[in-house]
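# Overview (structure and organization)
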Amino acid sequence: MAEILQNLSYGATVMFSFTPILMIFLGTLVGIIMGVIPGISTSMAIALLLPFTFVMNPVNAVALLIGCYAGGNYGGCVPAVTIGTPGSPSAVPTLLDGYPMAKQGRGGEALGILVFGSVFGGILGTLFLILFAGPMANVALRFWPSEYFALCVLGLATVATLGGKAWPKALIAVLFGLMLNTIGLDPILGTPRFTFGVTRLFDGFGLMPVMIGLFALGELFHNIENYKTTEQTHEKFKYIFPKIAYYWKLKWAFLRSSFVGVFIGILPGAGSAIASFLAYDVEKRVSKTPENFGKGEPKGIAASAASDSANTGGSIVPMLALGIPGAPAVAVLMGALMIHSIRPGPELFTRNPEIVASIYWAMILSNLFILVLGILGTKALFVRVTNVKKPILYTFIFLFTIIGSYSIQSSIFDVGVCIAFGIIGWLFKRYGIPVAPVVLGLVLGRIMEMNFRQALMVGGAASFLRPFTLIFLLLAAASIVVPIVQGRVKEKKMKQSNESVSKLG
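About the thresholds
Residues numbered from 1 in each chain as written. Predicted model: local features only at pLDDT ≥ 70, side-chain atom pairs only at ≥ 80, totals over all residues. Heavy atoms only, no water. Helix = DSSP H or I, 4+ residues; strand = E, 2+ residues; numbered from the N terminus. Buried < 20%, exposed > 50% of the residue type's maximum accessible area, 1.4 Å probe, protein only. Areas by Shrake-Rupley, 256 points an atom, 1.4 Å probe, with all protein chains shown as cover. Contact = heavy atoms within 4.5 Å. Phe/Tyr/Trp six-rings, centres within 6.5 Å; stacked < 30°, edge-to-face > 60°. Salt bridge = Lys/Arg side-chain N within 4 Å of Asp/Glu carboxyl O. Polar contact = N/O pair within 3.5 Å; in protein donor to acceptor, adjacent residues only side chain to side chain. Expected span 1.5 Å × (residues − 1). Core = buried A, V, L, I, M, F, W, Y, C linked by side-chain atoms within 4.5 Å. Axes fitted to C-alpha atoms, helices over the stretch in contact; angles between N-to-C directions. Parallel < 35°, antiparallel > 145°, perpendicular 65-115°, else oblique. Left-handed = near helix turned anticlockwise from the far one by under 90°. Nonpolar A, V, L, I, M, F, W, Y, C, P; charged D, E, K, R; others polar. Patch = residues over 30% accessible without salt bridge, like charges linked within 9 Å, V, L, I, M, F, W, Y side chains within 5 Å. pLDDT = per-residue confidence, 0-100.

Let's shift gears to the overall build of the protein. Of regular secondary structure, the protein possesses 22 helices and two strands. A burial count over the protein gives 54% of its 505 residues as buried. Total accessible area computed for the protein in this model is approximately 22200 Å², and 70% of it derives from carbon and sulfur atoms.

Right, let's get into the side chain of serine 257. When you line up the elements, serine 257 lands in helix α13 (residues 251–266). Note on serine 257: relative accessible area 1%, which makes it buried. Excluding anything up to four places from it in sequence, serine 257 contacts Ala279, Glu283, Ala302, Ala303, Ala306 and Ser307.

Another aspect to go through is the packing of aromatic side chains. Applying the stated criterion to the full structure yields 13 aromatic pairs. Residues phenylalanine 149 and phenylalanine 452 carry aromatic rings whose centres are separated by 5.1 Å and whose planes lie at 45 degrees to one another, so their mutual orientation is tilted. Here phenylalanine 452 lies in helix α21 (residues 436–459) and phenylalanine 149 lies in helix α8 (residues 145–156), a separation of 303 residues in the sequence. With a centroid separation of 5.4 Å and 75 degrees between ring planes, the pair formed by phenylalanine 205 and phenylalanine 421 is classed as edge-to-face. Here the residue phenylalanine 205 occupies a position in the loop between β2 (192–193) and α11 (207–225), and phenylalanine 421 occupies one in helix α20 (residues 412–430), the gap between them amounting to 216 residues. For phenylalanine 205, a relative accessible area of 22% gives the class partly exposed. Given the relative accessible area of 4%, phenylalanine 421 is considered buried.

Another point: the pattern of salt bridges. Side chains that carry opposite charge are capable of pairing whenever their charged atoms lie near each other. Tallying each qualifying case throughout the model produces nine salt bridges. Residues arginine 106 and glutamate 109 are paired through a salt bridge, measuring 3.2 Å at the closest nitrogen-oxygen approach. You can call arginine 106 partly exposed: its relative accessible area is 25%. Glutamate 109 sits in the buried class, given a relative accessible area of 15%. For the salt bridge of arginine 256 with glutamate 283, the shortest nitrogen-to-oxygen distance reads 2.7 Å. Highlighted residues: arginine 256 in helix α13 and glutamate 283 in helix α14 (residues 272–286), separated in sequence by 27 residues.

Our next topic: the environment of arginine 466. Along the chain, arginine 466 falls in the loop between α21 and α22 (467–504). The spacing of arginine 466 and glutamate 147 is 319 residues in sequence and 8.0 Å in space, taken between C-alpha atoms. With near-sequence residues (within four places) excluded, arginine 466 lies in contact with Arg142, Trp144, Ser146 and Glu147. A polar atom in the side chain of arginine 466 sits 3.1 Å from the side chain of glutamate 147.

Time to look at helix α6 (residues 92–103). Helical geometry: 3.6 residues make up each α-helical turn, so side chains three or four residues apart lie on a common side. Look at α6: 17 Å from first C-alpha to last across twelve residues, which is about the 16 Å you get at 1.5 Å a residue. In terms of burial, α6 is a largely internal element, eleven of the twelve residues being buried. For α6, every residue scored as buried is listed here: Val92, Pro93, Thr94, Leu95, Leu96, Asp97, Gly98, Tyr99, Pro100, Met101 and Ala102. In the segment just after α6, glycine 105 is the residue with positive phi, at about 85 degrees.

Right, let's talk about the nonpolar core for a bit. Ile113, Leu114, Leu214 and Phe215 are the most contacted members of the largest nonpolar core, which has 81 residues in total. Beyond its immediate stretch of four places on either side in the chain, leucine 114 contacts Tyr74, Cys77, Val78, Val81, Thr94, Ile301 and Ala305. If you look at the next biggest cluster of nonpolar residues, it comprises 45 residues, including Leu49, Val317, Tyr360 and Leu365.

As a packed pair, α8 and α21 sit with axes 8 Å apart at the nearest point and diverge in direction by 155 degrees. Here α8 lies roughly antiparallel to α21, going by the angle between them. The two elements α8 and α21 cross, and the hand of that crossing is left-handed. Residues Pro145, Ser146, Tyr148, Phe149, Cys152, Val153, Gly155 and Leu156 of α8 form the contact with α21, whose participating residues are Leu440, Gly441, Leu444, Ile447, Met448, Asn451, Phe452, Gln454 and Ala455. In terms of residue class, the contact of α8 with α21 is built from twelve nonpolar, five polar and no charged.

Among the surface-exposed residues, Leu29, Ile33, Ile37, Ile392, Phe396, Phe398, Leu399, Phe400 and Ile403 lie close enough to one another that they form a single nonpolar patch of about 780 Å² accessible area. Of all the elements in the fold, those that place two or more residues in the nonpolar patch are α2 (18–36) and α19 (390–407). Looking at which element gives the most residues to the nonpolar patch, the answer is α19, with six residues. For isoleucine 37, a relative accessible area of 30% corresponds to the partly exposed category.

Looking at the protein, pLDDT values average 78 and 81% of them are 70 or higher. The secondary-structure element of the protein with the lowest mean pLDDT is helix α9 (residues 159–162), recorded at 58, while α20 shows the highest, at 89. Within the model, pLDDT remains below 50 along residues 230–235, and this stretch shows 15 contacts once partners closer than five positions in the same chain are excluded.

A few words on the packing of α13 against α14. Axis separation between α13 and α14 bottoms out at 9 Å; the angle between their running directions is 145 degrees. At the point where α13 passes α14, the crossing takes the right-handed sense. Only Ile274, Ala275, Leu278, Ala279, Glu283 and Val286 of α14 make contact with α13, whose side of the interface consists of Ala253, Arg256, Ser257, Val260, Gly261 and Ile264. The class makeup of the residues in the contact of α13 with α14 is eight nonpolar, two polar and two charged.

This is the structure we're talking about:
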């Protein structure tokens with residue numbers, strides 16, 4: 001503890017000067033702006049800023065990139081609330097309750113929860129990063145591929161709650177997402193699968209074009225189909241920023257979800273999407289009113305926002321302690337450090353303690369800037385998006401989806417993929433099939449397949465008898481079975497209650 005306090009004190013002398021604080025502010029601002037634009041991921045935002053760091057000293061470079069990392073995660077959740085388009089896969093759970101709240105005229109409330117949830121999770125994740133970087137990274141180091149496979153299975157088990165009573169349709173959607181992962185080169189052998197000779201499909205379908213199409217274009221086509229010129233063309237609502245007492249009611253949701261985000265972040269390669277879905281699933285299970293989730297439940301936004309931001313702190317743990325990036329954005333950050341001749345790993349704590357302390361302070365300050373920029377942006381800009389007349393809003397959404405899908409790889413093929421999945425998303429909405437499980441299957445499918453096959457190669461079937469693997473698999477089984485049993489018990493009680501009423505009548 002004394003060593004930690006000494007490093008923080010030393011880091012404060014380095015970071016609390018004009019230039020590093022300015023870099024953190026600029027990085028956070030750029031990250032939020034980039035995150036708000038659908039199609040621009042946090043990794044892409046950091047990569048765009050990377051060339052500017054070549055002429056900076058390492059401390060300023062870290063300050064700029066850490067700010068962008070934290071700001072990008074928050075910014076990706078904003079369009080999920082305002083226009084129903086997640087800026088990143090981890091923002092999908094935010095959309096499930098945030099967008100319904102916006103359509104109910106509670107957009108300011110939803111964005112307020114998003115801001116405070118993100119800041120709470122980000123600061124808690126940073127505290128865990130400071131206190132437990134070494135010990136918790138050692139736990140993750142002991143994980144075999146079988147543990148990662150089981151963790152993915154646990155993540156997929158959340159489909160039971162995402163679908164609610166319509167879980168068979170949710171199952172169809174997640175299987176569709178898993179099937180999409182079979183298209184492309186085999187991750188182990190490198191042979192083409194279901195590409196039909198199309199070289200563009202060797203890497204499979206890009207996640208961002210698929211996600212933008214399913215959510216943005218799918219929702220857009222659905223709204224156009226049901227649009228009536230006689231109805232009010234825009235829905236205005238006043239900005240209502242909840243009081244502190246309101247957030248106090250969500251404290252346990254913030255806390256539980258932050259722990260989930262930190263733990264998943266520590267596992268290299270697990271990703272913030274798994275953290276967000278798992279946190280949302282946990283919150284729905286402990287809620288006394290789970291039927292409200294997906295209809296504008298504040299705790300759903302709180303869970304997603306807190307876990308997503310807490311994941312940023314957790315994902316830096318394996319980079320600092322092991323030299324293994326815990327997320328794609330952290331991999332870019334790690335590359336930036338190596339450009340400056342700084343090698344992340346166990347020796348970083350002794351060779352460059354000022355860099356470690358700079359990361360700690362940059363994480364804390366960037367979250368404080370998110371609080372300020374989030375509040376100002378919500379009042380001045382974000383919430384006003386939903387006040388735009390629908391024909392104008394639809395036009396801009398369509399343009400942003402096309403530009404966003406093209407800008408990822410400057411590919412017309414990606415634009416075609418986006419439009420094709422927009423049509424699929426529209427058909428899914430028409431027939432009541434949820435689209436969020438498709439993204440869940442697409443995100444986890446490749447990770448699950450890779451680790452499953454690696455587990456078989458390393459230890460055979462015995463790999464799946466390891467303690468952590470069994471725990472995760474049992475939790476996944478319970479996640480599926482418990483809701484079904486609870487549903488049948490509830491139906492039985494309702495049936496008995498109706499029979500009693502009929503007898504009295």
